Amino acid sequence: MTRPPDPGPARRLEVLRAGALTTVQDQGRPGWAHLGVPRSGALDPAALRLANRLVGNPEDAAGLEVTLTGCTLRLTRAGTVALTGADADVWIGDGRLGDGRTGDPHTGDPHTGDARRTGPRPHLGDRPGDVGRPLAVPAGATVRIGPARTGLRTWLAVAGGIAVPPVLGSRSTDTLSGLGPPPLRDGDVLPLGDPAGDPAPVDVTVGRPAPPLLRLRLRLGPRDDWFTPAALDRLLGTPYTVSPVSNRVGARLTGVPLPRAIAGELPSEGLVLGAVQVPADGQPLIFLADHPTTGGYPVVGVVDDVTPLAQARPGTTVTFHGPQR
Amino acid sequence: MRIRPVGAHALLLDCDDTDQVEAWRAELTRRRAAGELTAVEIVPAARTVLLDGVPDPDRAATLVAHWTPYPADPGGSAGDTPAAGTTPTGGTPPAEVEVPVTYDGADLPVVAGHWGVDVPEVIARLTGTPFRVAFCGFAPGFAYLTGLPPEWAVPRLATPRPRVPAGSVALAGPYAGIYPGASPGGWLLVGRTGLTLFDVTVDPPARLAPGTRVRLAATA
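Fair warning: this is a prediction, and the values are worked out from it, not measured in the lab.

1. Brief notes about the overall build of chain B
Helices and strands together make up the secondary structure of chain B, namely four helices and 13 strands. Counted over contacts in chain B with a minimum sequence separation of 6, partners at least 24 positions apart contribute 59%. Carbon and sulfur atoms make up 55% of the accessible area of chain B, which totals about 9,200 Å².

Next up, the structure:
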């Protein structure tokens, strides 16, 4: 991955605290799978489109996907931001901390604990904001996003969009192939585009709380015949648990293993978003945005809508249902 | 060829062999360019062609069932079909790519052992084989090259190397491949090339797109 060049003294987004995993995302780079290039893009594309509408951007503009622990940013010029996805504390500050320093404590605050663990606290001059609304940010002001209250991921759009150079038509960070900008680090500076238009006057920002149990609609195939009837009964009749090793590539599940009817090796074949692949250990994996373009384990079925998995914390219970049951 | 449904917006064409895969890849790409098929992705693989981003898979399956692809010419000259666009922007693969290879790979003696020949014969066979890109995967621009007879298939390393340098030319199973970037890898290394295989500033970004014919020529 190549880091974006310094855009110079212009409309910029400074990364004071990058958090656990904050990446640039847009609607991804479809159309290149035959060359081994994954789709990538926001794990909940509709949530990022909504955030873009709220700040007056085209829906396909690039924003940030903020994972679990939040992040702290600063706008060099006045602008509008909006957040969607997992609910979190948001504070718009004047760039000062209570002790007179600017920026965010990288080593933790002795009074409040490690900021990276507990998230930001209101600082002098801060005012609270909400997820799901356009927020006016003065020039030089900070935007502090706290940890997700429920769920995992929050999307942030900035008027003008994140203007890193597109790679194969997309600004998305692909954590599998390394295409696009690398995940944000403390001190990064991102260029912003010019605001395109007014924020949407009316929009629906119904929050999607992360339920403790996700019920996903599954269509069997293309390789359900590689599994025993008992395996398909288990898959559609047993709860699975989202594993902590899940990431943007896939949601790994743990539960009763799915026994094979065919023991051999499957020649590699093309993969789709939502494919439920079953490796040799029999534990299913649901492919998400950064999924590889081909895979060599049989896909027992495909989930219709993977966006709820963007908010599925480890330990979340997943059940599958389909037209068959 | 058998058509299998894949979720709500995709189809998998299950083919008999790699030549049928190439024939269908070329046919479907041509049909898409002609406006007869709507699909965001046409992804060939070892024995299948995936159509993804298909608005009406049932209708597409009916259409495909009525089409007959031109047979692929393995390693020959008929691989190029009219309007066989391989990129969203309409680029077409070159007729043949000659890859300059320095045959000094660490696993040449291992390959020679599997084939029951000496190292010069391994190099002669690799330089003399007309390869074709069957499909890409593993990493952007990593091409699986077919053309070696199945009886020359070699196993992967029991323990993958943690880092294989970019440009490494390697064998695994019935395939040859070239690592576009440095990565871990378990294929048997036979040589290296300085050719850039994946460059996002070029259209198409992959030098070795599916269908491209390839020669692994020995450099002096």
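2. Notes on the nonpolar core
Residues and elements named next belong to chain A. The biggest cluster of nonpolar side chains holds 34 residues, and the ones touching the most others in it are I286, L309 and F320. Contributing elements (two or more residues each) for this core: α1 (45-54), β12 (213-220), α3 (229-237), β13 (240-242), β14 (250-254), β19 (299-303) and β20 (317-321). Setting aside its immediate chain neighbours within four residues, F320 contacts L216, L218, L235, L236, Y240, L253, V276, I286 and V303.

3. A closer look at the interface of chain B and chain A
In this complex, chain B contributes 35 residues to the contact, which on the side of chain A involves 28 residues. Between chain B and chain A, roughly 2,400 Å² of surface is buried when both sides are summed, and carbon and sulfur atoms account for 66% of that area. Taken together, the connections running from chain B to chain A amount to three salt bridges. Note that D14 of chain B and R223 of chain A form a salt bridge whose closest N and O atoms lie 2.9 Å from each other. Elements represented by at least two residues in the side of chain B that touches chain A include exactly β1 (2-6), β2 (10-14), β3 (41-44), β4 (48-52) and β6 (131-136) of chain B.

4. What to know about the pattern of salt bridges
Applying the stated criterion to the full structure yields 29 salt bridges over all chains. We note a salt bridge from R248 of chain A to D290 of chain A, for which the minimum N-O separation is 2.9 Å. Placement of R248 of chain A in the loop between β13 and β14 and of D290 of chain A in the loop between β17 (285-287) and β18 (294-295) is noted, with a sequence separation of 42 residues between them. Given the relative accessible area of 2%, R248 of chain A is considered buried. The salt bridge involving E36 of chain B is made with R31 of chain B; its shortest N-O contact spans 2.4 Å. Residue class for E36 of chain B comes out partly exposed when judged on its relative accessible area of 38%. Ionic contacts of the salt-bridge type, sharing partners, join the residues R223, D225 and E269 of chain A together with R4 and D14 of chain B into one network.

5. Overview of the packing of aromatic side chains
Residues and elements named next belong to chain B. If you walk through the whole model with that rule in mind, you get 11 aromatic pairs over all chains. Relative to W152, the ring of W115 has its centre 5.0 Å away and its plane inclined at 35 degrees; by these criteria the two rings are tilted. One end of the pair, W115, is in helix α3 (residues 108-115); the other, W152, is in the loop between β7 (143-146) and β8 (161-164), with 37 residues separating them in the sequence. Geometrically, the ring pair formed by F138 and Y179 is edge-to-face, given 6.1 Å between the ring centres and 90 degrees between the ring planes. Within this pair, whereas F138 is found in the loop between β6 and β7, its partner Y179 is found in the loop between β10 (175-178) and β11 (183-185), the two being separated by 41 residues in sequence. The class of Y179 is buried, set by a relative accessible area of 2%. An aromatic cluster of at least three residues, connected via ring pairs, comprises F135, F138, F142, Y144, Y175, Y179 and W187.

6. Side note on the confidence of the model for chain A
Mean pLDDT over chain A works out to 88, with 86% of the residues at or above the 70 mark. In the predicted structure, residues 98-119 of chain A sits below a pLDDT of 50 and forms 38 contacts with residues beyond four places in sequence or in another chain.

7. A short note on helix α2 (residues 57-65) of chain B
All names here are of chain B. Within α2, the full set of buried residues consists of P57, A60, A61 and V64. Buried residues along α2 cover an arc of 100 degrees about the axis, so they all sit on one side. Looking at α2, the residues exposed on the side facing more than 90 degrees away from the buried face are D58 and R59. Where α2 is buried, its residues touch β1, β2, α1 (18-33) and β4.

8. Some remarks on the pairing of β12 of chain A
Remember that side chains alternate between the two faces of the sheet whenever the strand is regular. All names here are of chain A. Side chains L214, L216, L218 and L220 project from β12 onto a buried face, and the interleaved L213, R215, R217 and R219 project onto a face without burial. Relative to β19, β12 is paired through three bridges, and the arrangement is antiparallel. Bridged to L220 within β19 is G301.

9. Section: the packing of α3 of chain B against helix α4 (residues 119-128) of chain B
Two quantities define a packed helix pair, namely the angle between the helix axes and the distance between the axes. Residues and elements named next belong to chain B. Viewed as axis vectors pointing N to C, α3 and α4 meet at an angle of 85 degrees, and their least axial separation amounts to 9 Å. In terms of orientation, α3 lies roughly perpendicular with respect to α4. When α3 is examined against α4, the residues L108, P109, V111, A112 and W115 are found in contact with a partner set consisting of V119, V122, I123, R125 and L126. For the contact of α3 with α4, the class distribution of residues is nine nonpolar, no polar and one charged.

10. Here we look at the sheet that holds β20 of chain A
In a beta sheet, neighbouring strands are held together by backbone hydrogen bonds and run either parallel or antiparallel to one another. Residues and elements named next belong to chain A. On the basis of which strands lie adjacent, the closed barrel formed by seven strands has the order β12-β19-β16-β17-β14-β13-β20 and mixed pairing. Taking each pair of neighbouring strands and ignoring which way they run, the sheet shows an average axis angle of 40 degrees. Pairing analysis gives five bridges linking β12 to β20, with the strands arranged parallel. Looking at the pairing, L213 lines up with T317 of β20.

11. Side note on the state of the cysteines
Residues and elements named next belong to chain B. Applying the stated criterion to the full structure yields zero disulfides over all chains. Here C15 stays unpaired: no disulfide links it, and the sulfur of C136, its closest cysteine neighbor, is 17 Å away. Judged by its relative accessible area of 7%, C15 is buried.

12. Notes on the sheet that holds strand β4 (residues 71-75) of chain A
Residue and element names in this part refer to chain A. Strands sit in the order β7-β6-β9-β4-β1-β11 across an open sheet of six strands; the sheet is antiparallel. Looking at which strands have only one partner, the edges of the open sheet turn out to be β7 (127-129) and β11 (189-191). Neighbour-to-neighbour, the strand axes of the sheet open up by a mean angle of 25 degrees, direction not taken into account. Relative to β4, strand β1 (residues 12-17) is paired through four bridges, and the arrangement is antiparallel. Residue pairing across strands places L13 opposite L75, the latter belonging to β4.

13. With respect to the side chain of D14 of chain B
Tracing the backbone through its elements, the reader meets D14 of chain B in strand β2. Owing to a relative accessible area of 15%, D14 of chain B belongs among the buried residues under this scheme. Other than its neighbours up to four places away in sequence, D14 of chain B contacts R223 of chain A together with M1, R2, R4, R47 and T48 of chain B.

Calculation notes
Residues numbered from 1 in each chain as written. Chains lettered and ligands numbered in written order. Predicted model: local features only at pLDDT ≥ 70, side-chain atom pairs only at ≥ 80, totals over all residues. Heavy atoms only, no water. Helix = DSSP H or I, 4+ residues; strand = E, 2+ residues; numbered from the N terminus. Contact = heavy atoms within 4.5 Å. Areas by Shrake-Rupley, 256 points an atom, 1.4 Å probe, with all protein chains shown as cover. Core = buried A, V, L, I, M, F, W, Y, C linked by side-chain atoms within 4.5 Å. Buried < 20%, exposed > 50% of the residue type's maximum accessible area, 1.4 Å probe, protein only. Buried area = accessible area lost by both parts, 1.4 Å probe. Salt bridge = Lys/Arg side-chain N within 4 Å of Asp/Glu carboxyl O. Phe/Tyr/Trp six-rings, centres within 6.5 Å; stacked < 30°, edge-to-face > 60°. pLDDT = per-residue confidence, 0-100. Arc of directions from axis to C-beta. Pairing = 2+ DSSP bridges. Axes fitted to C-alpha atoms, helices over the stretch in contact; angles between N-to-C directions. Parallel < 35°, antiparallel > 145°, perpendicular 65-115°, else oblique. Nonpolar A, V, L, I, M, F, W, Y, C, P; charged D, E, K, R; others polar. Disulfide = S-S within 2.5 Å.

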